[in-house]
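Now for the letters of each chain:
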Amino acid sequence: MQLILASQSPRRKELLGLFHIPFTVQVADVDEAMDPACRPYDEVARVSRLKAQAVSAGPEDVVIAADTIVVLGDAVLGKPRDPDEAVQMLTALSGRDHQVMTGVTVLRGQKVVSFTEVTDIHFRPLSQKEIQRYVATGEPMDKAGAYGIQGGAALFAEKMVGDYYNVMGLPVCRLWQVLKQIAPECLEEQL
């Protein structure tokens, strides 16, 4: 049995490392476009399922895939295409509530469990100078909603309800519970 993380995200690698279980990484090359006619909650789980199914795995291997989005009202904020879009996203989030949704799929043979974890966040009002300075660091460019809660944006989040690690891209507590169901033997030494 092999544990496979279907993600190139350094944050997800770091978080899965908290489990102290050896794993390999296979990047899933899938179309991450979401259907605007469907609920973001459902779409982020669907994309994680596509990622899990896209990697090469044996019947006893366990694949973990995830996708994270930021939802502001009815708008889904993915990764910004350029610094201008990052500024637009952060300006929109300034002084407002939003949700971070991470869809996760754990796949082992014919067993597939997908779920979506939601964390509510409130950003304090941000000045344009703060936003410009943060975007200039380059940190927002590979992150949904143009921010990393574990980095400079820690100064923006005034209130949070839910799993902090979900905002980083992998809800570790809920993932641990699913792994206990699907592949308890890979966690035996950790229990």
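K.L.:
Before we go on, may I ask you to explain the overall build of the protein chain in this structure?
P.N.:
Secondary structure summary: the protein chain contains 6 helices and 7 strands in total. The N-to-C order of helical and strand elements in the protein chain reads β-α-β-α-β-β-α-β-β-α-β-α-α. With the principal axes as the frame, the protein chain shows a C-alpha extent of 50 × 35 × 25 Å. Expressed as a percentage of the 191 residues in the protein chain, the buried residues total 46%. Expressed as a percentage of contacts within the protein chain between residues at least 6 apart in sequence, the contacts between residues at least 24 apart total 65%. Summed over all atoms, the accessible surface of the protein chain reaches about 9,400 Å², with 50% contributed by carbon and sulfur.

K.L.:
Even after reading the chapter, I still don't get the environment of glycine 145, so can you show me in this structure?
P.N.:
With respect to the helices, strands and loops of the structure, glycine 145 is situated in the loop between helix 4 (128-136) and strand 7 (157-161). Distance in space between the C-alpha atoms of glycine 145 and glutamate 85 is 9.7 Å, their sequence separation being 60 residues. Look past the residues within four positions of glycine 145 in its chain and what remains in contact with it is Val70, Leu77, Gly78, Met89, Leu90 and Leu93.

K.L.:
Looking at this model, I keep getting lost on the nonpolar core. Mind explaining?
P.N.:
The nonpolar side chains of a soluble globular protein tend to be buried, and buried together. In this structure, Val106, Tyr147 and Leu175 are the most contacted members of the largest nonpolar core, which totals 44 residues. With sequence-adjacent residues up to four places away left out, leucine 175 is seen in contact with Leu16, Phe19, Ile64, Val104, Val106, Phe115 and Leu170. By size, the runner-up hydrophobic cluster in this structure holds 8 residues, among which are Ala28, Val55, Ala65 and Leu107.

K.L.:
How do you make sense of the side chain of threonine 116 when you look at a structure like this?
P.N.:
One can find threonine 116 in strand 6 (residues 111-123). Judged by relative accessible area, threonine 116 falls into the buried class, the value being 6%. Of note is the side chain of threonine 116, whose polar atom sits 2.8 Å from the backbone oxygen of tyrosine 41. Excluding its chain neighbours within four sequence positions, the residues that come into contact with threonine 116 are Tyr41, Val44, Ala45, Met101, Thr102, Gly103 and Arg174.

K.L.:
What is the right way to read the pattern of salt bridges from this model?
P.N.:
Proximity of charged atoms lets side chains of opposite charge pair with each other. Applying the stated criterion across every chain, the model contains 11 salt bridges. Put simply, arginine 108 and glutamate 185 hold a salt bridge, and the shortest N to O gap is 2.4 Å. In this pair, arginine 108 sits in strand 5 (residues 97-108) while glutamate 185 sits in the segment after helix 6 (172-182), placing the two residues 77 residues apart along the sequence. Salt bridges here are not isolated pairs; linked through shared partners, they connect Arg11, Asp142 and Lys143.

Criteria and thresholds
Residues numbered from 1 in each chain as written. Predicted model: local features only at pLDDT ≥ 70, side-chain atom pairs only at ≥ 80, totals over all residues. Heavy atoms only, no water. Helix = DSSP H or I, 4+ residues; strand = E, 2+ residues; numbered from the N terminus. Buried < 20%, exposed > 50% of the residue type's maximum accessible area, 1.4 Å probe, protein only. Contact = heavy atoms within 4.5 Å. Areas by Shrake-Rupley, 256 points an atom, 1.4 Å probe, with all protein chains shown as cover. Core = buried A, V, L, I, M, F, W, Y, C linked by side-chain atoms within 4.5 Å. Polar contact = N/O pair within 3.5 Å; in protein donor to acceptor, adjacent residues only side chain to side chain. Salt bridge = Lys/Arg side-chain N within 4 Å of Asp/Glu carboxyl O.

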